[in-house]
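Examination of the molecular architecture
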Amino acid sequence: MTARKPSRKSSEPIEVPAAPQPVTTEITTEITAPQPVAADHKAPSAAPAEPASTAASARSATSARPAPAKRPRAKQPVSAGSAATTPAPPRPRRGGGSKGVLPATALDDGDRARLLAGEHYAPHDLLGAHLTRGGVEFRALRPFARSVSVLAKGLRAELQSDGDGFFSGVLPTPAVPEYRLLVAYDDNEIEVEDPYRFLPSLGDLDLHLIGEGRHEELWTALGSQPMEHQGVAGTRFTLWAPNARGVRVTGDFNFWDGTGFPMRSLGSTGVWELFVPAVGEGTLYKFDICRPDGSHTQRADPMARYAEVPPANASVVTASHHEWQDADWMAHRGDRPVHEAPFSVYEVHLSSWRPGLTYRQLASQLPAYVRDLGFTHVELMPVSEHPFGGSWGYQVTGFYAPTSRMGAPDDFRSLVDALHAAGIGVLMDWVPAHFPRDDWALAEFDGRPLYEHSDPNRAAHPDWGTLEFDYGRKEVRNFLVANATYWCEQFHIDGLRVDAVASMLYLDYSREDGQWSPNEHGGRENLDAVAFLQEMNATVYRRNPGVVTMAEESTAWDGVTRATEHGGLGFGLKWNMGWMHDSLVYMSKEPVHRKYHHDEMTFSMVYAYSENYVLPISHDEVVHGKQALVSKMPGDWWQQRANHRAYLGFMWAHPGKQLLFMGQEFAQGAEWSEGHGPDWWLLDPTYEASGDHRGVRTLVTDLNAVYGALPALWQRDTDPEGFAWIDGGAAEDNAFAFLRYDADGSPLLAVSHFSPVVRHDYRLGVPDGPEAWVEILNTDAARYGGSDVRNEDPLKPEAVPAHGRGTSVTLTLPPLATVWFRPA
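1. A short note on the overall build of the protein chain
Across its full length, the protein chain holds 16 helices and 33 strands. Sequence separation of 24 or more characterises 74% of the internal contacts of the protein chain that already satisfy a separation of 6 or more. Counting every atom, the protein chain has about 30800 Å² of accessible surface; 49% of that belongs to carbon and sulfur.

2. Describing the packing of aromatic side chains
Here the structure, examined in full by the defined rule, presents 47 aromatic pairs. Ring centres 5.8 Å apart and planes at 20° place the aromatic pair tryptophan 579 and tyrosine 647 in the stacked group. Of this pair, tryptophan 579 sits in helix α12 (residues 577-587) while tyrosine 647 sits in helix α15 (residues 637-653), and the two are 68 residues apart along the sequence. Given the relative accessible area of 0%, tyrosine 647 is considered buried. Relative to phenylalanine 738, the ring of phenylalanine 723 has its centre 5.2 Å away and its plane inclined at 35°; by these criteria the two rings are tilted.

3. Comments concerning the pattern of salt bridges
Applying the stated criterion to the full structure yields 40 salt bridges. As a salt-bridge pair, aspartate 111 and arginine 114 come within 2.8 Å of each other at their nearest N and O atoms. Of this pair, aspartate 111 and arginine 114 both sit in helix α1 (residues 109-117), three residues apart, which is roughly one turn of the helix. By relative accessible area, which is 17% here, aspartate 111 ends up buried. For arginine 114, a relative accessible area of 33% translates into the label partly exposed. Of the charged contacts, one joins glutamate 798 and arginine 763 as a salt bridge, the two residues approaching to 3.2 Å between their closest N and O atoms. Here the residue glutamate 798 occupies a position in the loop between β31 (773-778) and β32 (807-813), and arginine 763 occupies one in strand β30 (residues 759-766), the gap between them amounting to 35 residues. The partly exposed category is assigned to glutamate 798, whose relative accessible area is 35%. Linked through salt bridges whose partners overlap, the residues forming this network are Glu178, Arg180, Glu191, Glu193 and Arg197.

4. Thoughts on the confidence of the model for the protein chain
On average, residues of the protein chain score 90 in pLDDT, and 88% of them reach the 70 mark or higher. A low-confidence stretch, residues 1-97 stays under pLDDT 50, and its non-local contacts, those more than four residues away or across chains, total 228 contacts.

5. Some details on the sheet that holds strand β27 (residues 723-730)
Note on sheets: strands pair through backbone hydrogen bonds, and any given pair is parallel or antiparallel. Across the sheet, five strands lie side by side as β27-β28-β29-β33-β31; this open sheet has antiparallel pairing. Of all strands in the sheet, those with a lone pairing partner are β27 and β31, marking the two edges. Within the sheet, the average angular offset between the axes of one strand and its neighbour, ignoring direction, is 20°. Inspection of the sheet shows β31 paired to strand β33 (residues 817-823) by five bridges, in the antiparallel sense. Bridging across to β33, leucine 777 finds its partner in tryptophan 820. The strands touched by α15 within the sheet are β28 (735-741), β29 (747-753) and β33, with β33 carrying the most contacts at an inclination of about 40°. Here helix α16 (residues 690-709) sits on the sheet and contacts β31 and β33; the angle it forms with β31, its principal contact strand, is near 140°.

6. So, the sheet that holds strand β24 (residues 573-575)
Within the closed barrel, the eight strands sit side by side as β17-β18-β21-β22-β23-β24-β25-β26. Their pairing is parallel. Recorded for the sheet is a direction-independent mean angle of 25° between the axes of neighbouring strands. Contacting β24 and β25 (613-617), α12 crosses the sheet at an angle of about 45° to β25. Packed onto the sheet, α15 meets β17 (344-348), β25 and β26 (657-661) and runs at close to 145° relative to β26.

7. Details of the packing of α15 against α16
Packing of α15 against α16 leaves a shortest axis separation of 11 Å and a crossing angle of 10°. Judged by the angle between their axes, α15 and α16 are roughly parallel. For the pair α15 and α16, the contacting residues are Trp637, Arg641, His644, Arg645, Leu648, Gly649 and Trp652 in the first and Asp692, His693, Val696, Leu699, Val700, Leu703, Asn704 and Tyr707 in the second. Looking at the contact of α15 with α16, its residues break down into eight nonpolar, four polar and three charged.

8. Considering the nonpolar core
Core analysis: the biggest nonpolar cluster contains 172 residues, and Leu350 and Phe412 have the highest contact counts within it. Element by element, the count of residues in this core is highest for helix α9 (residues 474-490), at nine residues. For phenylalanine 412, the residues in contact, after removing those within four places along its chain, are Leu350, Tyr359, Leu380, Val383, Pro402, Trp487, Phe491 and Ile493. If you look at the next biggest cluster of nonpolar residues, it comprises 21 residues, including Ala129, Leu155, Phe167 and Tyr185.

9. A look at the pairing of strand β21 (residues 425-430)
For β21, the tally of buried residues reaches six of six residues, placing the bulk of the element in the interior. Judged by which residues are buried, β21 turns out to be covered on both faces: Gly425, Leu427 and Asp429 on one side and Val426, Met428 and Trp430 on the other are all buried. As paired elements, strand β18 (residues 377-380) and β21 share four bridges and run parallel to each other. For leucine 380, the partnering residue across the bridge sits in β21 and is methionine 428. In the sheet, β21 pairs with strand β22 (residues 495-498) via four bridges, with the strands oriented parallel. Opposite methionine 428, over in β22, you have leucine 496 as the bridge partner.

Calculation criteria
- Residues numbered from 1 in each chain as written.
- Predicted model: local features only at pLDDT ≥ 70, side-chain atom pairs only at ≥ 80, totals over all residues.
- Heavy atoms only, no water.
- Helix = DSSP H or I, 4+ residues; strand = E, 2+ residues; numbered from the N terminus.
- Contact = heavy atoms within 4.5 Å.
- Areas by Shrake-Rupley, 256 points an atom, 1.4 Å probe, with all protein chains shown as cover.
- Phe/Tyr/Trp six-rings, centres within 6.5 Å; stacked < 30°, edge-to-face > 60°.
- Buried < 20%, exposed > 50% of the residue type's maximum accessible area, 1.4 Å probe, protein only.
- Salt bridge = Lys/Arg side-chain N within 4 Å of Asp/Glu carboxyl O.
- pLDDT = per-residue confidence, 0-100.
- Pairing = 2+ DSSP bridges.
- Axes fitted to C-alpha atoms, helices over the stretch in contact; angles between N-to-C directions.
- Parallel < 35°, antiparallel > 145°, perpendicular 65-115°, else oblique.
- Nonpolar A, V, L, I, M, F, W, Y, C, P; charged D, E, K, R; others polar.
- Core = buried A, V, L, I, M, F, W, Y, C linked by side-chain atoms within 4.5 Å.

As C-alpha cells, this is what we get:
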C-alpha cells in the first residue's frame, strides 16, 4: 500500500513515510532533540485524534488513508511475495552511518525476505537491540524513512541504511540502554519508542489457559488492550491465528501499512503478540495475516470490543470508563430463583424501537416506557456487531463488541445502568449457532477453517448461508464460553437468550440423507454442541449469580432446563415454541371453527412441567408475511382487538413466563420492519382510532400489575401442584377455565371465552373454602376498548356440583374475553 502523510504535530510519535536517503551524522555526547520543522511540514500523531465515529474513521479500514501532504519520492515497501521482484533502492554509501557506529551483521536473506513479506514468526529476534560480541546491535524496519538514529542518555547515533526500510548498526556499549528512535523523513523527524525493545506483554498463565481452552476471561488476554508496559503507555495487540505464517498490525497509526509492525508468535498456543507504544483509545486497526499459501488477508479482530460503524469494519482500540451505579441491583438480582419470580419480558430491537436514537438517548426513554408498562425485563435482540442491519443482529461478526450504530460500548453500559435503575432486568439474544462468511471476519480466518468445522458438511449452515462453529475445538469453545460471561460481567447483562439451539443440537438439522454423518454412537446428536452448551451454562451460572440463560429450542430434546450435573443442558428457561404455534393456530380460526381445534389450546398442559418455559410472542411471529398479532385474529376490527386482548389474558394466566414483542402491546396492525419500527403514530391522540390502541396498551399495563401482585400467577410455574383444570373440554363454548395456586395454596380462577357472544349464568365448579370470588381483571372492560360486560358483584359459591367439585358459581362470560377472579 502507498503510505501518505497528513499534517499532524511533530512531537507525536508516529513516523511519516518518506524516501530513504543516505545521510551522515556524527555521534554526539548527549541526546539531540528533534530539529524544528516548517509549519507546513508536520508529523502524524500516534493515534487518531477522534474516535471511529468521525468522518475520517468512518471510511472502510482497508482503503482509508489520510490525504498526502507530500507523496514519497522513493519506491513503495516490499509487499508479501514481492521481495524478489521489487527493484532495490540505491545502495547507501559505505560507512554512511554515524561515526563510531559499527556495521551490523547482515540479515540472512531468508529472514529479510520473511520480514518484508510479513511472514516471520519471531521479528523480535532480529529487530530491536541485542547484545553482541562488539557491543549492542540495533536494527529497525522503518519503511520510507530517510534515517533512523538511536537516542539514549548522552548518545545520539545514526544507524546505517540497509535498504528496503532496514537500518542497523552496532554501538560499542556494554549493555542495552534505555533508548528511543529518532526517525527522519524528507520533511520532518519524530522521536518514538521501539516496539521491538519490549518483552512479551502476555503472561505465561494466560498462555497456558488459552492453550487449555480454559481462559474464562479471554477478553483480558486477546485483542487490543491499552496498557502501560515496562513504564511505557501503549496498546498490546494479541491474536489467536495458529495457521498463520506471520501476522502484522495495520491501522491508522501506521497509515494501514503494517510492514514495520510484524508480531511475534508466542509458542505452540497459536497466539501472536506486539506491544505498540503511544497507540491508544480510538485507534483503528486490523490484522494483516499471511496465510499458509503465502497470500495475505486483512481481518478485523475477533476479540475487538469496539468496531467501526458498518459498513466500515475496522476494529477500534477501547477501554471502559463507565462508573456503574447498579451495585444494589447486582447484589440482589439473584435473591429469588427466576422460575419462582414474576418474569414478563418486553422484546426490543434497539435500533428500530425509536429509529435514530443513540444508546444514551434510549437510556432516557426506554426504561420509563417499560417501567410504565410493568414488564420486569427487556430482551434485546442481538446487540453484538453485525455488518447487515437486515439480519437484525443474528449474523454476528463482532462477538465482543456492542454495535457501534448507536454509540460506543460505554454508551451501551449507560443504557443497561438506566434500565437497572428503573428496576428492569436486561436480557440479550446471544448467537453462538453460526457466523457469516464475510472475508474480513471469522471465515477461514487464518487461511484454513479455524472457527468453523473443517468438514464442509459440518461447517456450512444449510438454512442461512452461514458457517457453524466447531464446538469440538477447545479454543473455539473457549471463545464462545468466555463471550457469554463477558456480556454478563462487563455489561451487567442479566440473562442470555441463546438463539437457534435446535440447529446446534442435531447433526442432521435441515440436512438430507448423505449430507451428514452420525456421531460416534451412531446417533444424530451433535455431542460437541451438547458439551459446549453444558460448559457455557455451568460457567455462566457459577460466575454470575442471578443471571438466567434461556434456550430457543423448538424440539422435544430432553433436559434442556435440567441441571448439567444431572445430564441436562443446564438452561434456566426454554422458549415454548409448541405453545406459541398451537395457540396461534387456534386464535387464527373463526370462532365457529374453533371447537374443532380446541386441543390446540389445551395440549400445552400435557408437557407444561417437562421444562421451565417462557411463552414467546416474539419478533419471529410478526414478520415475513406472518402478520402482526392483532392482524392474525379473525373478524372485524372490534373482534380482532377483542381476540387480541383475550389471548393476552390467557397467555398471562397460563403457566410459564411471558414475552411480548414491541408494537404488540398496543395492537399495531402492520408487520414489524427494522426500517421504521413500531407505528407509534397509532397512539397519537390526534389519530381518530388512537383510543383503540391505547386501550390495548392499558390492558398490558394492568396485566403486568395484577400478575406481579398475585404470586399464584408465577410462584409455582414449574410445579404441577400450582395448576388445575376446572373445565378444559368446553369445546362447544370455546371456553377454558382453570385455577392457579400460590405456594400457600391461595387460588386464582382464570376463564377465557373465545366466542363473540355473551354467556349468562355460566356455571363453573370451584374449590371449597372461599366465601366469594371477585373479578379482578376483565379484558372486555370499557377502558380497554371492550363492551364492558362485567361481573360487578362477588360470585357466591353454591352447593351445586359441577366439574367434579361439590360447589360451583355462576358467572357471565363476556364476548371474546378473559376474566380473572380471586377469593374475596
